[in-house]
Structure formats: C-alpha cells, structure tokens
Amino acid sequence: MSDFFQAAPTLVNAFTGNRWLKAYLRSAMPAEIFRAVEAGLTEFGDLCAGPYRDLARQAEAQKPALVSSDPWGRRIDEIVLSPAWRSLQDESAREGLVAIPYAHEYGEWSRVLQFAKLYLFHPSSAFFTCPLAMTDGAAKLLQTFGDEPIHRQAFAHLTSRDPHDFWTSGQWMTERSGGSDVSATATQARLEGGAWRLYGTKYFASATTAEIALALARKEGAPQGSRGLTLFLVQPRDAAGAWKGVCVRRLKDKLGTQALPTAELDLEGCNGVQVGADGAGVKTVATMLNVTRLHNAICSLGETTRALEEMRDYSNKRIAFGAALENHVLHVQTFAREEVTLLAGFLLTMELVHLLGREECGLGSADESAILRLMTPVCKVFTARAAVASTSEVVEGFGGAGYVEDVGIARHLRDAQVFPIWEGATNVLSLDMLRVVQNVSAFAAWASDVEARIGRVSAPDLSTHATQLQSSLASLTEGVASMLMASDDEQAASSRDLVFALAWTYASALAVSWADRETPGIRASLQPWLGSLIVNIGAWRPRDSASIEQSRAIWQTNLEG
Ligand code: MFK
C-alpha cells in the first residue's frame with residue numbers, strides 16, 4: 001500500500017500573499033493613505049485566510065432550507081440558514097464593506113479601499129458578497145434618489161458598521177417573462193388605502209434574507225414596455241421577521257453560490273414606497289446596476305485570484321513525470337496566460353473603482369464619468385468570462401483532485417459560472433457598451449485618455465510598448481468609426497468582440513503607465529507582462545453583413561435536405 005499523500009495547497013495571508021494588490025495600492029495611492037491602510041489590510045488578509053474562510057466553509061456545508069409551515073400548519077416560509085451566514089453579515093458590517101465609501105474617510109481612494117477588501121473577502125465569504133453588492137447598489141441609489149423618510153432611514157441602516165443596525169438589500173427585477181429584458185415585467189403596483197401594494201412573481205430574488213428590496217413594478221394603467229416601470233422600496237417583513245405580503249415559492253437549486261438563499265417570490269400585496277420618477281424605474285435602477293456590475297467584477301477577480309494562487313502553490317508541491325508541475329513548460333505557459341488576463345481585469349477594475357470614487361467626491365471630470373459609464377459593462381464582461389475560463393483551467397490543472405468537491409477547487413468553477421449571468425449577461429452588456437459608443441463623445445473621451453497615457457510614458461525601455469499601443473489605438477479608433485456607419489445588425493454583431501478589444505487596450509495602457517511610475521528594477525519584472533498584455537489586443541475589425549449571413553447559415557444548417 002502506498003504511503004504517499006499529496007500535500008494540499010495552503011493560504012497564509014490573502015493580502016500579503018497576493019501578487020498585485022499591495023504593489024498596486026503602493027503605487028497608485030498617495031503614500032500617507034497607503035501607510036494608513038496597509039496594516040488594516042494585512043490584518044484583514046489574515047482573517048480572510050483563516051476565520052472568515054472557516055465561516056464560509058460552514059455556510060456552504062449547511063445549505064439554505066425552506067420551511068413552508070410551522071408544526072401546526074401555519075404558512076411561515078422560513079428560510080433556515082447556517083449561523084455562519086449571519087456571522088458573515090455581522091463581520092461585513094464591522095469591516096465596513098458597504099460603509100467605507102459613504103464615510104469618505106480616504107477621499108477619492110475610499111472606493112479603492114472598499115474594493116480591495118471585497119477582493120480579498122469574496123473567496124472567503126460563501127458569496128455573502130452578493131448581498132453586499134446589492135446593499136451597496138441600493139445605498140447609492142437611495143443616496144441619489146431617496147426623498148422619503150424611509151429612504152433615508154434605510155440608507156442609514158445599509159451603510160451602518162454596527163451589526164445590530166446593519167441591513168442588507170435585495171434587488172427584485174427578474175421575472176419569468178423577462179430576465180435581461182425587464183420590459184416584460186408583469187408585477188403590478190396598485191394604490192390601496194393611499195399606499196402602493198405590489199402583486200406579481202419575482203423569479204430570481206438573490207438575497208432573500210435582506211431587510212429591504214428594490215423592486216420594479218408597473219403602476220395600474222401605466223404603459224407597456226420598460227418606460228411604464230417604476231421602482232419601489234419594499235420592506236418585506238414585519239418587526240418580528242415574519243413575511244408581510246410575500247410568499248416564498250421555492251429556493252433555487254443552483255449550479256453554484258449554494259450558501260446564498262436565492263428564491264422565487266410571490267408578491268401578494270407587499271407595501272412599496274416609490275423611489276425615483278414614474279416610469280423611470282429602469283433608469284433609476286441603472287444607478288444600482290452600475291455599482292453592482294463593478295462588484296461583480298471584483299468578485300470575479302477574487303474567485304480567479306484565489307484559484308490561481310492555489311494552483312501556483314500546488315504547482316510547487318505536486319510532482320509529475322519526475323518534476324514539480326511548475327517545471328513543466330506547458331503547465332507554466334497555460335497558467336501564465338491566465339495570470340496575464342487576471343492582471344488585465346485587475347487593472348481595469350481598480351481604475352474604474354477609482355473613477356467612481358472620484359465622481360462620488362465631486363472630483364471626477366465629465367470625461368472621467370463618460371469613461372466610467374463606457375468601461376463598466378466592458379470590465380464586468382471581461383472579468384466574468386475570464387473567471388470561468390481561468391477556474392476551468394485550474395480545475396484541470398489539479399486533475400482528478402480538482403474535480404471532486406472535498407478538495408475545494410471545483411467550487412471555484414461552479415461559482416464562477418454565475419458571474420457572466422449575474423447583473424447582465426455578456427451579450428446584453430455588449431449591447432449596453434455599444435449604446436454608449438454610439439454616443440460618440442464617450443468613446444472620444446476614452447480614446448483621448450488612452451492616447452494621453454501613452455503620450456506621458458517617458459521610460460526608454462517602454463517606448464516599444466508605447467509605439468505598439470499607439471498603433472493599436474489608431475486601428476481601433478478607425479474600426480469604431482467605420483462600425484458606426486454600418487447597419488444596426490452589423491454594429492450589434494461587432495459589439496461583443498469590441499468589448500474585449502477595449503478591455504485589452506485599456507488594461508495595456510494602464511499597465512504601461514503603471515510600469516512608467518516604477519523603478520527600473522520593477523519595470524524589468526513587469527516587461528514580460530506588458531508584452532503579453534499588448535499582444536492580446538489583436539486586430540479587431542467590425543463585422544460585415546457577410547459574416548452575419550455566415551453565422552445565420554451555420555445556425556440554420558439542415559443536412560436532411
Ligand atoms: C450572486 C449570485 C446570484 C445568484 C443567481 C442569480 C442569477 C441571475 C439573477 C439575475 O437575474 S441578474 C440579472 C439582473 N438584470 C440585469 O442586469 C438587467 C440586464 N438588462 C439590461 O441591463 C438592459 O440593458 C436593460 C434592462 C437596462 C434594458 O432595458 P431598456 O428599458 O431597453 O433600457 P434602455 O431603453 O436602454 O434604457 C432606459 C434608460 O435607462 C435610458 O435612459 P433615458 O431614459 O434617459 O434614455 C438608458 O440610458 C438608461 N440606462 C440603461 N442602462 C443604463 C442606463 N443608464 C446608466 N447606466 C446603465 N447601465
């Protein structure tokens with residue numbers, strides 16, 4: 001009998017063990033802010049590698065269960081959760097994972113600090129980061145549009161650091177009749193006794209234990225389509241925690257995110273308080289979506305980072321064909337590619353989060369806001385698709401051990417698959433990006449920003465990269481101009497690939513700017529990364545009608561004659 005047992009991958013400190021975060025913060029933040037946050041992040045990195053990770057394991061081991069009635073047959077629809085889930089909520093409040101940017105303690109860098117913590121927390125949170133995303137989005141929305149006492153009261157709870165006061169928020173948009181296309185929303189708002197009451201079914205309510213939710217509904221008599229929708233704040237439970245006008249049809253049996261209680265809800269007259277103008281529900285909720293999409297990006301990065309860190313550690317411990325995995329050329333090549341994509345997503349996300357922080361402090365220019373709007377869907381798509389691809393490679397890299405549940409690697413892939421779906425699918429967000437590009441000034445602001453970054457590069461050892469980037473940008477700008485003269489179908493068909501071209505171009509420009517700020521020694525270490533980033537930009541060209549016809553012909557091929 002063999003006495004060989006494989007050593008497992010280990011994680012010591014999520015912050016100090018992370019290749020990019022500390023180096024990026026040190027380079028990007030003013031020195032006094034970096035000094036002020038470094039020790040706290042180191043401590044937080046310890047908690048993420050230890051106690052929070054243990055809580056996440058416990059929460060995942062006890063999946064949510066729905067108890068429909070009490071022993072005497074009364075309908076209660078109680079969602080039973082692991083106590084660890086509640087502890088993760090309390091810790092999230094104490095850590096200020098929603099509160100940080102609203103306190104503005106670090107000015108324009110407050111958002112960056114919050115997202116740095118979310119990045120470390122996500123893979124140790126059992127997806128408690130989903131309710132946190134909704135809560136942050138709701139707080140931002142209520143801060144922007146809230147004008148009723150309940151709006152202000154809810155905002156105070158959502159941004160509290162006191163676990164006893166901290167509330168989370170759900171987002172109730174998706175219905176059976178429409179996922180991405182919310183225009184088909186069938187939930188009705190009826191005025192009864194001077195208050196709005198909602199009736200309908202919400203098909204994907206993710207954070208079902210939240211104290212409030214933001215729900216789209218159509219007021220009686222309002223027109224069909226998305227411009228007939230209004231947004232409401234719902235308090236779905238009474239003070240004792242019992243549902244008020246809401247029934248839980250069932251909990252969802254999902255591929256991943258298994259500790260997260262996602263449910264189908266029947267709204268049977270729950271009370272709603274309007275937020276924003278009549279018929280402006282989609283536009284109002286977009287404020288929330290633009291925040292939650294950045295959360296989606298940071299969670300994708302967190303999941304991918306943890307999986308790749310485990311792969312790197314294991315590659316040093318696992319011997320195959322007489323050598324550690326890290327000494328096999330194809331293994332290293334495979335994961336070097338994933339690491340480069342991870343860096344691109346990391347730089348994109350951090351830059352946008354910083355722009356959001358600047359906007360929230362009143363420091364952002366109109367061009368910066370335009371870049372933030374344009375690149376948010378790009379960043380979300382890029383990081384989400386990368387999370388699925390990278391975690392799949394990691395599962396394969398671990399071989400059979402990666403495919404079984406108790407090793408803990410398979411979970412990364414199951415969980416990663418939600419990212420391209422959650423908060424807007426790849427194609428829907430490609431079209432969202434396209435609508436922004438069609439507003440020519442947003443794309444012009446972005447192109448000028450890239451151009452300016454390249455123009456500022458002064459280190460001689462970066463000049464080749466700067467020249468390559470300049471030429472990629474010129475060809476991209478020319479391609480976009482020609483796309484904008486094409487038909488609607490040609491523009492739509494071009495949009496998905498354009499997302500990736502924008503992402504790689506921007507990430508490359510950010511990386512070269514970063515390298516330019518660094519010492520020659522660090523620049524030398526970054527050189528192989530820069531070349532690999534830029535090569536990924538590729539040569540994007542708009543799709544023409546022939547390529548659309550080719551896709552249709554492939555889709556419709558019938559060899560039966
Ligand atoms: C974590 C684990 C989760 C567990 C499992 C969950 C699984 C899945 C759960 C889900 O269902 S997540 C899905 C959440 N749903 C979405 O993210 C919606 C995706 N669809 C879109 O984003 C569509 O583009 C959209 C619904 C917005 C399209 O609707 P419309 O009505 O055709 O929008 P339109 O006409 O483009 O925009 C209406 C207004 O909103 C316009 O403003 P104006 O009225 O001034 O013209 C737009 O400019 C504005 N708008 C739209 N998107 C915006 C925006 N403004 C700013 N930012 C945006 N992103």
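About the criteria used
- Residues numbered from 1 in each chain as written.
- Predicted model: local features only at pLDDT ≥ 70, side-chain atom pairs only at ≥ 80, totals over all residues.
- Heavy atoms only, no water.
- Helix = DSSP H or I, 4+ residues; strand = E, 2+ residues; numbered from the N terminus.
- Buried < 20%, exposed > 50% of the residue type's maximum accessible area, 1.4 Å probe, protein only.
- Pairing = 2+ DSSP bridges.
- Near = heavy atom within 4 Å.
- Polar contact = N/O pair within 3.5 Å; in protein donor to acceptor, adjacent residues only side chain to side chain.
- Areas by Shrake-Rupley, 256 points an atom, 1.4 Å probe, with all protein chains shown as cover.
- Nonpolar A, V, L, I, M, F, W, Y, C, P; charged D, E, K, R; others polar.
- Domains from an automatic or database assignment.
- Expected span 1.5 Å × (residues − 1).
- Contact = heavy atoms within 4.5 Å.
- Phe/Tyr/Trp six-rings, centres within 6.5 Å; stacked < 30°, edge-to-face > 60°.
- Salt bridge = Lys/Arg side-chain N within 4 Å of Asp/Glu carboxyl O.
- Axes fitted to C-alpha atoms, helices over the stretch in contact; angles between N-to-C directions.
- Parallel < 35°, antiparallel > 145°, perpendicular 65-115°, else oblique.
- Left-handed = near helix turned anticlockwise from the far one by under 90°.
- Bend = angle between axes of the 7 residues up to and from the residue.

J.: Which residues make up the environment of arginine 86, and what values do they have?
T.: Mapped onto the secondary structure, arginine 86 falls in helix 4 (residues 83-94). A C-alpha to C-alpha distance of 43 Å links arginine 86 and alanine 320, two positions 234 residues apart in sequence.

J.: Explain the pairing of strand 6 (residues 212-219) to me, and be specific about the residues and the numbers.
T.: Along strand 6, 8 of the 8 residues are buried, which leaves the element largely enclosed by surrounding structure. Bridge analysis of strand 3 (residues 169-172) against strand 6 gives 4 bridges, and the strand direction is parallel. Counted as the bridge partner of tryptophan 172 is alanine 215 from strand 6. Pairing analysis gives 2 bridges linking strand 4 (residues 188-192) to strand 6, with the strands arranged parallel. Among the inter-strand pairings, alanine 189 is bridged to a residue of strand 6, identified as lysine 219. Relative to strand 7 (residues 229-234), strand 6 is paired through 6 bridges, and the arrangement is antiparallel. Within the sheet, the bridge partner assigned to leucine 216 lies in strand 7 and is leucine 231.

J.: Summarise the site of the ligand; cite the residues concerned and give the values.
T.: The environment of the ligand is formed by 27 residues, the closest being Thr174, Ser226, Arg227, Asn290 and Arg293. Arginine 293 has a polar side-chain atom sitting 2.9 Å from an oxygen atom of the ligand. Protein burial of the ligand: of its 1,200 Å² of free accessible surface, 79% is covered by the chains. Elements that contribute at least two residues to the shell around the ligand include exactly helix 9 (281-317) and helix 14 (426-438). Per-element accounting of the shell around the ligand gives the leading share, 6 residues, to helix 9. Among the residues forming the shell around the ligand, the class breakdown is 13 nonpolar, 7 polar and 7 charged. Counting the residues that make up the shell around the ligand, at least three belong to each of domain 1 (169-285) and domain 2 (426-556).

J.: So, the domain arrangement of the protein chain: which residues are in play, and what are the values?
T.: Assigned domains of the protein chain: these are domain 1 (169-285) and domain 2 (426-556). Inter-centroid distance (C-alpha atoms) of domain 1 to domain 2 is 38 Å.

J.: Give a description of helix 4 that names residues and reports values.
T.: Across its 12 residues, helix 4 extends 17 Å between first and last C-alpha, which sits within 8% of the 16 Å expected from 1.5 Å per residue. Taken together, the buried positions of helix 4 are Ala84, Trp85, Leu88, Gln89, Asp90, Ser92 and Ala93. Elements in contact with the buried residues of helix 4: helix 3 (51-61), helix 6 (110-121) and helix 7 (129-145). You can read the cap of helix 4 off the contacts: a side-chain oxygen lies 2.9 Å from the backbone nitrogen of alanine 84, and it is on serine 82. Positive backbone phi, approximately 70 degrees, marks glycine 96, located one or two places after helix 4.

J.: Now, about the packing of aromatic side chains: what can you tell me, with residues and values included?
T.: Evaluation of the coordinates by the stated rule reveals 20 aromatic pairs. Look at phenylalanine 382 and phenylalanine 500: their rings are 6.1 Å apart centre to centre, the planes differ by 50 degrees, and that puts the pair in the tilted class. Here phenylalanine 382, found in helix 11 (residues 366-397), pairs with phenylalanine 500, found in helix 17 (residues 488-517); they are 118 residues apart in sequence, far enough to count as distant. Among the residues examined, phenylalanine 500 registers a relative accessible area of 23% and is labelled partly exposed. Cluster of aromatic residues (ring-pair linked, three or more members): Trp20, Tyr24, Tyr119, Phe346, Trp514 and Trp529.

J.: Residues and numbers for the pattern of salt bridges, please.
T.: This structure, assessed with the given rule, holds 34 salt bridges. In this structure, arginine 358 engages glutamate 368 in a salt bridge whose closest nitrogen and oxygen atoms are separated by 3.0 Å. One end of the pair, arginine 358, is in helix 10 (residues 329-360); the other, glutamate 368, is in helix 11, with 10 residues separating them in the sequence. Residue classification places arginine 358 among the buried positions, given a relative accessible area of 18%. One salt bridge connects aspartate 489 with arginine 552, and the closest N-O pair in it is separated by 3.4 Å.

J.: Explain the packing of helix 9 against helix 11 residue by residue, including any values.
T.: Each pair of packed helices can be summarised by the angle the axes make with each other and by the distance between the axes. Two elements in contact, helix 9 and helix 11, have axes separated by 8 Å at closest approach and are oriented at 25 degrees. Considering their axes alone, helix 9 and helix 11 lie roughly parallel with respect to each other. In this structure, helix 9 meets helix 11 at a crossing whose hand is left-handed. Each residue belonging to the contact of helix 9 with helix 11 can be placed in one class, and the counts come to 12 nonpolar, 9 polar and 4 charged.

J.: Break down helix 17 for me, citing the residues and quoting the values.
T.: Here helix 17 contains 30 residues, and its C-alpha end-to-end distance of 42 Å stays within 8% of the 44 Å for a straight helix at 1.5 Å per residue. If you look at helix 17, its biggest bend is around 40 degrees, right at serine 495. Summarising burial for helix 17: 22 of the 30 residues are buried, a large majority.

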